[in-house]
Amino acid sequence: MHIVKNIFLFLVIILFISCGDNKTTTKISIPDNVTWSEHIAPIIFKNCTPCHRKGESGPFNLLSYYDAVKKAAKIKFVTQTKFMPPWPADPEYSHFMGERILSEQNIALIKTWIENKMPRGDSAKEPQAPVFYTGSFFGKPDMVIKMQKPIVIKGNGTDAFLMVKFPFKLDSEVFVQYVEFVPNQRKLLHHVNGHLLSYDETRSFNYFAGESNLADALNNFVDAYSKMGLTYTDKKEPALPKLLPNVIYYLPGYTPPVYNEDIGGFKLSKNGAFFLKNIHYGPSNIDLLDSSYLNIFFRKTPPKRPLYETQMGTFGISPIEPKLIIPPNEIKTFHTFFKIENDISILSVNPHMHLLGKVFVAYAIAPQGDTIKLIKINNWDFRWQYYYSYEHPVKLAKGSVIHVYGTYDNTAQNKLNPFHPPRQVEQGEGNESMQTTEEMFQFIFTFMPYKLGDEGIELKK
Ligand code: HEC
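Visitor: For the packing of aromatic side chains, give the residues involved together with the corresponding values.
Guide: As enumerated under the stated definition, the model contains 34 aromatic pairs in all. Residues Trp 87 and Tyr 388 carry aromatic rings whose centres are separated by 5.1 Å and whose planes lie at 85 degrees to one another, so their mutual orientation is edge-to-face. Of this pair, Trp 87 sits in the loop between α3 (72–80) and α4 (104–115) while Tyr 388 is found in strand β18 (residues 388–396), placing the two residues 301 residues apart along the sequence. Note on accessibility: Trp 87 and Tyr 388 belong to one class, buried. With a centroid separation of 5.4 Å and 75 degrees between ring planes, the pair formed by Tyr 254 and Tyr 387 is classed as edge-to-face. Here Tyr 254 is found in the loop between β7 (242–250) and β8 (266–268), whereas its partner Tyr 387 is found in the loop between β17 (371–377) and β18, with 133 residues between them in sequence. There is no split in this pair, since Tyr 254 and Tyr 387 are both buried. Through a chain of ring-to-ring contacts, three or more aromatic side chains come together here, namely Tyr 308, Phe 334, Phe 360, Tyr 408, Phe 441, Phe 443, Phe 445 and Phe 447. In this arrangement the basic side chain of Arg 203 is found over the ring face of Tyr 232, its NZ or CZ atom lying 3.8 Å from the centre.

Next comes the structure, spelled out in structure tokens:
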């Protein structure tokens, strides 16, 4: 996918382990009369409705008493099994912003309510369903950029890799805090990685012309950029506009991390285009159209602390040991590690594996030997691939070594194994390795050069 090789030089040694206080409580006390209006509605509205509403990922709405009653048996099941709300990261290991985990108390309340035949309680006391903006997870965007024309996904049963541009023209330059990619074919979408192209006003260009999307060019990018009208038209060098990498991201279950205004952000010049260098769909057996779009959220001030991103493992800065080859009928663990050359503050982490992934753990060993726990996923699920953001930046001092372990289950017992009987699965070359049925082992992290006091910054917006 992408590599950014910015690692920085500074010093100071302080350690910080992200430690939340929302440990699951063991003490459960269930009142005699558990009702929707008093007990259940607040739990559902807070933990379920953000996804279970029109336009979001949940397959049905959970916006009212009747919505919940209709799905009661399933709600009991998915909360008992902790399948919902989806949160694969182990809360005993590390904590993150916006962690969605039901307490044992709330799980028990839901169970009792359903076993007691879902009493509504006093409907006058019922909380109002939260009001959301339809078309965005976050609210009304400052700008929406649509595809010039929809992408045609062929129903040929194979993965598809495309490049897409989202050109825009503004009256004046603006600052952006984050971009939300809103998928139209959510079930099929495997990943999106997008950059920003900014044009120099003094040169000539015609970036609204040309193909709006194109099959992935693999190694012939210059040709592809010119077919898509993205190169300057004046035949001068450089032929390509300035590119800011990795400003758009999407993986199953993903929403962009949103930080306070001190952190992140970038500038949009008057003439530019968002360029999805890689949009990857899983196989479909019927022809489909995709008209996904971008929601742009502005910020008032120029960015103060830009963010950088790097990745370990597949396509990344550190090799995988041993080579990512998973023999049939084996459960196998792989390792990758990287020494941090400068003090950095980590803001978010994104583990990535495909269907055979089972366990993922990442931690850092500080120069004095302390362990800084980054993330642990005990039961990897391809459907939920968040960028997990810490509540405060996590400092990694110069000389710290990040270790990442990934365990893959290539036995027939793994229900998600795409092959029956199991066959050898490995990492291919280039896009090949991104086929859903091949494997990847990646640890992506977002960071900024460390500044004194970063550990105390509240990252929440
Ligand atoms: C991050 C978004 C998200 C949140 C939060 C969330 N869900 Fe879901 N839910 C989904 C998606 C997506 C699916 C479909 C999963 C699939 O098809 O594999 C789903 C499926 C379900 C199902 C159907 C399961 C089945 O087997 O048919 C139920 C029931 C459900 N959710 C209930 C809940 C409840 C109750 C909560 C809150 C406690 C909740 N969800 C929170 C996204 C979410």
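Visitor: Can you tell me about the side chain of Thr 314, naming the residues and giving the values?
Guide: Looking at the secondary structure, you find Thr 314 in the loop between β12 (308–313) and β13 (325–326). Among the polar contacts listed, one links the side chain of Thr 314 to the side chain of Gln 427, at a separation of 2.9 Å. Discounting chain neighbours no more than four positions away, the residues touching Thr 314 are Ile 320, Leu 324, Gln 427, Met 440, Phe 441 and Gln 442.

Visitor: Describe the domain arrangement of the protein, with residues and values.
Guide: For the protein, the assigned domains are domain 1 (143–305) and domain 2 (309–456). Relative placement of domain 1 and domain 2: their C-alpha centres are 26 Å apart. Taken residue by residue, the interface counts 20 residues in domain 1 and 23 residues in domain 2. It is His 190, Pro 252 and Arg 305 in domain 1 that bury the most area against domain 2; as a group they hold 31% of the surface buried on that side. Our count for the contact surface shared by domain 1 and domain 2 stands at one salt bridge. Its salt-bridge partner being Arg 305, residue Asp 454 comes within 2.7 Å of it at the nearest N-O pair. Summed over the shared surface of domain 1 and domain 2, the number is five residue pairs in polar contact (both at pLDDT 80 or more).

Visitor: Account for the site of the ligand, with residues named and values stated.
Guide: Cys 48, Cys 51, His 52, Met 84 and Arg 383 are the nearest of the 19 residues found near the ligand. Between the ligand and Lys 74, the relevant distance is 3.0 Å, taken from an oxygen atom to a side-chain nitrogen or oxygen of the residue. Split into classes, the residues belonging to the shell around the ligand amount to 12 nonpolar, four polar and three charged.

Visitor: Can you lay out the nonpolar core for me, pointing to particular residues and giving the numbers?
Guide: Ile 346, Val 349, Ile 375, Tyr 388, Ile 402, Phe 443 and Phe 445 are the most contacted members of the largest nonpolar core, which has 41 residues in total. For this core, the secondary-structure elements that each account for two or more residues are β14 (331–339), β15 (344–352), β16 (357–365), β17, β18, β19 (401–409) and β21 (442–449). Residue contacts for Ile 346: discarding those within four places in its chain leaves Tyr 390, Pro 393, Val 394, Leu 396, Ile 402, Phe 445, Thr 446 and Phe 447. Val 164, Tyr 250, Phe 266 and Ile 279 belong to the second-largest nonpolar core, a separate cluster that totals 34 residues.

Visitor: Tell me about the sheet that holds β7, and name the residues and values.
Guide: Hydrogen bonding along the main chain pairs the strands of a sheet, whether they run parallel or antiparallel. Strand order in the open sheet made by the five strands is β6-β3-β9-β5-β7, with antiparallel pairing throughout. Single-partner strands in this sheet number two, and they are β6 (213–215) and β7. Strand-to-strand twist in this sheet, taken as the mean axis angle between neighbours without regard to direction, amounts to 20 degrees. With six bridges connecting them, strand β5 (residues 189–198) and β7 associate as antiparallel partners. Note on β7: the bridge partner recorded for Gly 194 is Ile 248.

Visitor: I'd like to hear about the sheet that holds strand β11 (residues 293–299), residue by residue, with values.
Guide: Reading across from one edge, β1-β11-β4-β8 is the order of the four strands in this open sheet, with antiparallel pairing throughout. Two strands lie at the open edges of the sheet, namely β1 (143–146) and β8, each paired on one side alone. Averaged over all pairs of adjacent strands, the angle between strand axes in this sheet comes to 50 degrees, irrespective of strand direction. Relative to β11, β1 runs antiparallel, the two being bridged by four bridges. Across the sheet, residue Val 144 finds its bridge partner in β11, namely Asn 295.

Visitor: Any details on the environment of Pro 283? Residues and values, ideally.
Guide: Among the structural elements, Pro 283 can be located in the loop between β9 (271–281) and β10 (288–290). Sequence separation between Pro 283 and Thr 436 is 153 residues, and the spatial gap between their C-alpha atoms is 8.7 Å. Apart from residues lying up to four places away in sequence, Pro 283 is in contact with Gly 157, Thr 158, Asp 159, Leu 188 and Thr 436.

Visitor: Talk me through the pattern of salt bridges; I want residue IDs and the actual numbers.
Guide: Enumeration over the complete set of coordinates arrives at 14 salt bridges. For Glu 173, the salt bridge identified is with Lys 267, shortest N-O distance 3.6 Å. Here the residue Glu 173 occupies a position in the loop between β3 (160–169) and β4 (174–182), and Lys 267 occupies one in strand β8, the gap between them amounting to 94 residues. The exposure class assigned to Glu 173 is partly exposed, which follows from its relative accessible area of 44%.

What counts, and where the lines are drawn
- Residue numbers restart at each chain and count upward from 1, following the sequence in its written direction.
- A pLDDT threshold of at least 70 governs which residues receive local features in this predicted model, and a stricter bar of 80 or more applies before side-chain atom pairs are shown or counted, although totals over entire chains, interfaces and linings include all residues.
- Derived side-chain values reflect all non-hydrogen atoms in the structure, with water molecules and hydrogen atoms excluded from consideration.
- Ring pairs shown here join Phe, Tyr and Trp side chains whose ring centres sit within 6.5 Å, with only the six-membered ring taken for Trp; geometry is labelled stacked below 30 degrees between planes, edge-to-face above 60, and tilted in between.
- Here a strand is any run of E in DSSP of at least two residues, a helix any run of H or I of at least four, and the numbering for each starts at the N terminus.
- Three exposure classes are used, based on accessible area relative to the maximum for each residue type with a 1.4 Å probe and protein chains only: buried under 20%, partly exposed in between, and exposed over 50%.
- A positively charged side chain is recorded as over a ring if its NZ (Lys) or CZ (Arg) lies within 6 Å of the ring centre. The angle to the ring normal must also be within 35 degrees.
- Whenever a nitrogen or oxygen atom comes within 3.5 Å of another N or O atom, the pair is scored as a polar contact, on the condition that within protein one atom can donate a hydrogen and the other can accept it, and that pairs from neighbouring residues in sequence are kept only if both atoms are in side chains.
- Any two residues having at least one pair of non-hydrogen atoms within 4.5 Å are treated as being in contact.
- Here the limits of each domain have been adopted from an automatic or database domain assignment.
- When two parts are brought into contact, each loses some accessible area as probed by a 1.4 Å sphere; the total of that loss over both is the buried area.
- One side-chain nitrogen of Lys or Arg within 4 Å of one carboxyl oxygen of Asp or Glu is enough to make a salt bridge.
- Nearness is defined per residue: one heavy atom within 4 Å of the molecule or strand is enough.
- Throughout, the ten residues Ala, Val, Leu, Ile, Met, Phe, Trp, Tyr, Cys and Pro are labelled nonpolar, Asp, Glu, Lys and Arg are labelled charged, and all others, Gly among them, are labelled polar.
- Throughout this description, the term nonpolar core refers to a set of buried Ala, Val, Leu, Ile, Met, Phe, Trp, Tyr and Cys residues connected via side-chain atoms within 4.5 Å.
- Two strands make a pair as long as DSSP finds a minimum of two bridges between them.
- Orientation is described by lines fitted to C-alpha atoms, with helices fitted over the stretch in contact, and by angles between N-to-C directions that extend from 0 to 180 degrees.

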